[in-house]
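# Structural features, examined
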Amino acid sequence: MNPQAFIDGLIAGSTIGLGAIGLTLAYSILRFANFTHGDFLAWGAYLTLTVSGLLGGLAAGLGAPVHPFSFGWGLPLAILGGAALTVLLALGLDRILFGRLRARGADVIIIVMASFGASMALRSLLEFIFTAKPVYFTNALQIAKPLGLGMRATPDQLLVIGMTAVLVVGLHLIVTQTATGRAMRAVSENPALAGVYGIDVAQIVRITWVIGAGLACIAGVMAGLLVQIRPYMGFDLLLPLFAAAILGGIGSIPGAMLGGLIIGLAEAFTVQIIGAEWRAAVSFIILVLVLMLRPQGLFGRKEA
Amino acid sequence: MELIAYAAFFLTVAMTYAIICLGLNVQWGQTGLFNVGVAGFVGIGAYVSGALTTPETIDRVGGFDLPILVGWAAAMATGALLSLAVGLLTLRMRADYLAITTFGIAVALQLVFQNAESLTGGAFGMAFIPRPFAAMQSEAIMFNLANLGVTCAVVLVLYLLLEHLARSPWGRALRAVREDEVAAQALGKNPVFLRLQAFALGGAIMALAGAVQAHFIGFIAPNNYLPMMTFQVWAMLIVGGSGNNRGAILGAVLVWAIWALSGALISELFPADQQARAASLQIVIIGVMLCIILLWRPQGILPETRSVSRHLGRRNKDQ
Amino acid sequence: MSALSVEGLKAGYDPDLAIVKGVDFSVDYGEAVCILGPNGAGKSTMIKAIAGLVPILGGSVNLGKNSVAGLPPHALVRQGLGFVPQTENIFTRLTILENLQIAAQLLPAPDRRSRIDAMLDMFPDLGSRPGEIAGALSGGQRQMLAAARALLTEPEVLVLDEPSAGLSPKLVGQVFETLRRISDAGVTLVLVEQNVRAALALTGRALVLVDGQLAHDGPTDDLRDNRLLGELFLGHRAKGPSA
């Protein structure tokens, strides 16, 4: 067995984990399975690419790769812009669609259905605007450096793993130590009571979308950086994202990250042993196993 | 004359979608289950029927040369069994877990259609699926009208059957479970068992639709059963009126018409090299339409007087 | 100006079905008032409407000089209303300290720690283990935490929905003893209660709600005579326009 699959799995798992965190937050605070989350990843990547292009037009130097990475200062700056735009997209979608359905007391399943419809529209809009042809953040090739034990990784890939770790730790600290984090946990347990306690629930909903969409954008950029950017990239990740969130336990940030890593590793080893064409089946099998054996996931609560 | 041939073709396709919608209506309209994997159930019906009825093929299971109706029956049985398995796994869970799992089923089935070459023919799919009126193929109008006749007959039979079922004790029990599960249980009804049956029935009908489509076109490929189809069918049911068999049929014809019209419009408006990209606009239109309907007229064009409206919010009740 | 005044209040979950059918009353600063009535009269619905949890279909609600009908619950807390629901009134997945910290967030930063400490002192059962998960608390302790949380922000008006519900007689005594302390400290108290005796002992004024309307509003002494109370509960004497 080639240990390279371990690194590949960690890398893929980081992207899945970051995306799953946003999904699990939305799931626990907004209480619905958001099928558009995958498309936030894709839109995040495309919006960042667009901003990066604009910046490159303004200052040519920003595109020049900064050693040892394949991208220049333009990309981190563009991510800020891309994330802001992705957040606007998510907030806008909540304002015109999900929020309206919530306000009239629609059943959760109707909101899920709306998210399914919106996700197809968003995805196809990307295809219309950018075409289905894959695009890339950078043309610079990267040499994979040996890490020992037969594994190799490019500097970009190591950066992705490192950034993910930083983001997850930071987010975990925010949720457990800050007032906003307490408020989010409160709304996740009982939104009506949270209001009685003085929490502005609508504000917490907005913050949830901001964090979820922001993380999705970063995850999308990572996937786009390491593989490629195409309109269906988010949708293809949707099943792994759901599987990771459910495996980790809905509402648990460490759980979502761990779930993502497990799925990433499982996929990488499956690709090595069985073949790349069966990769998507891994998430499905893990999902079914979790629902059969331990539906609350690793860190979730048993539903009453 | 060409127009009649085309109209017959168009309506036949719409009717096969109507079959899928009728099946989905049993699952959603009558039982409240959100199946996001419709395309998978349709596909499995198509492939099963194809596998049993196609002649001998190299590298792929085949050569049984069974009659078309046997293929259709086997498709329905497979659809029912698959639905039972899925239902047993998820029906006791929250509604969105069912949605996610059915979504996963469709993805997994898609992979099987794509990769299990010895069973499904892989990316090439299955060809030479026997067509009911193969002898008439040279005369477009007669051929298309004959197909239309068969498909309409299937829709009619299903419609009558389902309407009868809805008014039967079984249908009433199902409605009772939907309106007030606890009360229904107190009266001795077993909600999970009833839902399982409804789910299986819906799945069988969807598989039948896949088989009918397969024998109508004559060949199938994995790319026929993408989430796009699930999405189209849902749009059809919601627009037409969920909870309502007539709504299911109306929605199928209407949304298919919008799809075909927008497709024609797009090919008129956009230059040849932009066609593929413009096609994605069709999906945007349907997606936006679905969201608008959910916001402004969630009961659809032909509303059912009870059942579904309960899900759409207290402030949305039909008068 | 009254601490809380309600005029022509109509409220209910369904716009076509008012549970509270037109109620008028006011509570002065420092008063302790109880709201009694048979099951289904709409007592809980009424105070939930005042607290912003149930839609108000008509009429007005004033806290001091501010009109508050239609405001979301969190805005009402800022206006000086403290509400303790009957069930599910604490966050069981958070610690005792975290429950209090959420409430303290409404105060200016320098005051937060001192108010939290004041509540932990007032309720030693909570003060002895602030890091414990609230879900581990007993029924009586949960009520303590719920009350402590509501008091932390020093509300003008404290509204409680059946604080004695589900508690043993000894605990009921403890809860009402605490409420007595709170009332003596000058907090305006509005109490929905099924435990008529405890409520009448604590409060100075009683409102009786029957079928969504106010059937009686007067000093608690008037109701010590059980016959009047019985008649009100059984619906023979209803004040106001007939339904």
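Model, not experiment: these values are computed from the prediction. (Residues numbered from 1 in each chain as written. Chains lettered and ligands numbered in written order. Predicted model: local features only at pLDDT ≥ 70, side-chain atom pairs only at ≥ 80, totals over all residues. Heavy atoms only, no water.)

### Remarks on the interface of chain A and chain C
A common measure of how large an interface is: the accessible area buried when the components associate. The partner chain C presents 22 residues to the 19 residues of chain A that form the contact. Counting each side, the surface lost to burial between chain A and chain C is near 1900 Å², with a carbon and sulfur contribution of 59%. Among the residues chain A hides against chain C, the three largest losses belong to E189, V196 and Y197 of chain A. Together they make up 41% of the total. If you look at where chain A meets chain C, you find one salt bridge. For R185 of chain A, the salt bridge is made with E98 of chain C, and the minimal N-O distance between the two is 2.8 Å. The tally of links from chain A across to chain C stands at nine residue pairs in polar contact (both at pLDDT 80 or more). Within the residue set of the side of chain A that touches chain C, elements represented by two or more residues are α6 (179–189) and α7 (191–196) of chain A. Counting residues per element, the side of chain A that touches chain C draws most heavily on α6 of chain A, which supplies six residues. Considered class by class, the residues forming the side of chain A that touches chain C number nine nonpolar, five polar and five charged. (Contact = heavy atoms within 4.5 Å. Buried area = accessible area lost by both parts, 1.4 Å probe. Salt bridge = Lys/Arg side-chain N within 4 Å of Asp/Glu carboxyl O. Polar contact = N/O pair within 3.5 Å; in protein donor to acceptor, adjacent residues only side chain to side chain. Helix = DSSP H or I, 4+ residues; strand = E, 2+ residues; numbered from the N terminus. Nonpolar A, V, L, I, M, F, W, Y, C, P; charged D, E, K, R; others polar.)

### Side note on helix α7 (residues 169–184) of chain C
Residues and elements named next belong to chain C. Between its first and last C-alpha, α7 extends 22 Å over 16 residues, near the 22 Å set by a 1.5 Å rise per residue. The set of residues buried in α7 consists of V172, V175, F176, T178, L179, I182 and S183. With its buried residues spanning 155 degrees around the axis, α7 presents them on a single face. The exposed set on the far side of α7, more than 90 degrees from its buried face, consists of K170 and D184. In this structure, the buried residues of α7 make contact with β3 (32–36), α4 (109–122), α6 (139–152), β7 (157–161), β8 (188–192) and α8 (196–202). Phi for G186, located one or two positions after α7, is positive at around 105 degrees. (Expected span 1.5 Å × (residues − 1). Buried < 20%, exposed > 50% of the residue type's maximum accessible area, 1.4 Å probe, protein only. Arc of directions from axis to C-beta.)

### Notes on the sheet that holds strand β1 (residues 4–11) of chain C
Residue and element names in this part refer to chain C. With antiparallel pairing, four strands are arranged side by side in an open sheet as β2-β1-β4-β5. Every interior strand has two partners, whereas the edge strands, β2 (20–27) and β5 (66–67), have only one. Bridge count for β1 against β2 is six bridges, and the pairing is antiparallel. Looking at β2, one finds that V6 is bridged to F25. (Pairing = 2+ DSSP bridges.)

### Here we look at the pairing of β1 of chain C
Of the strand pairs in this sheet, β1 of chain C and strand β4 (residues 56–63) of chain C are connected by six bridges, and their pairing is antiparallel. The residue bridging A11 of chain C from the neighbouring strand is I56 of chain C, located in β4 of chain C.

### Brief notes about the sheet that holds strand β6 (residues 81–84) of chain C
The pairing of strands in a sheet happens through backbone hydrogen bonds and is either parallel or antiparallel. Residue and element names in this part refer to chain C. A sheet is described by the order of its strands in space; here six strands give the open sequence β6-β7-β8-β3-β9-β10, paired in mixed fashion. The sheet terminates laterally at β6 and β10 (213–219), the two strands that pair on one side only. On average, each strand axis in the sheet is inclined to that of its neighbour by 15 degrees, with strand direction left out of account. Most of the contacts of α6 go to β6, to which it runs at about 170 degrees, and overall it touches β6 and β7. The sheet strands contacting α7 are β3, β7 and β8, and the helix crosses β8 at an angle near 150 degrees. (Axes fitted to C-alpha atoms, helices over the stretch in contact; angles between N-to-C directions.)

### Thoughts on the environment of A243 of chain A
Residues and elements named next belong to chain A. Mapped onto the secondary structure, A243 falls in helix α9 (residues 233–248). A sequence separation of 40 residues divides A243 from S283, and the C-alpha atoms of the two residues are 5.9 Å apart. Setting aside its immediate chain neighbours within four residues, A243 contacts I263, S283 and L287.

### A short note on the interface of chain B and chain A
Listed as interface residues are 49 residues of chain B and, on the opposing side, 49 residues of chain A. Interface area for chain B against chain A, summed over the two sides, is near 4200 Å², with a carbon-plus-sulfur share of 78%. Linking chain B with chain A are seven residue pairs in polar contact (both at pLDDT 80 or more), by the criterion used here. Among the secondary structure elements, those contributing two or more residues to the side of chain B that touches chain A are α3 (68–90), α4 (95–115), α10 (227–240) and α12 (275–296) of chain B. When residues of the side of chain B that touches chain A are assigned to their parent elements, the largest contribution, 14 residues, is made by α4 of chain B. Looking at the side of chain B that touches chain A residue by residue, the class counts come to 34 nonpolar, ten polar and five charged.

### Some remarks on helix α5 (residues 155–177) of chain A
Residue and element names in this part refer to chain A. The end-to-end C-alpha separation of α5 is 32 Å, in line with the 33 Å expected for 23 residues at 1.5 Å each. Here α5 has its buried residues at P155, D156, Q157, V160, T164, V168, L171 and V175. Those residues of α5 that are buried lie in contact with α1 (4–30), β1 (145–148), β2 (151–153), α6, α8 (201–226) and α10 (253–273).

### Quick look at the nonpolar core
The biggest cluster of nonpolar side chains holds 268 residues, and the ones touching the most others in it are I21 of chain A, W234 of chain B together with F25 of chain C. Of the residues forming this core, the biggest block, 14 residues, is contributed by α8 of chain A. Beyond its immediate chain neighbours, meaning those up to four positions away, I21 of chain A contacts V168, L171, L215, I253, A256 and M257 of chain A. (Core = buried A, V, L, I, M, F, W, Y, C linked by side-chain atoms within 4.5 Å.)

### A look at the side chain of S188 of chain A
Position of S188 of chain A relative to the elements: it lies in helix α6. For S188 of chain A, a relative accessible area of 13% puts it in the buried group. For S188 of chain A, the contacting residues outside a window of four places in its chain are S28, I29 and R31 of chain A together with R93 of chain C.

### Let's talk about the arrangement of the chains
Among two pairs of chains with at least one contact, chains A and B form the most extensive contact set. Separated throughout, chain B and chain C approach each other most closely at a C-alpha pair spaced 7 Å apart.

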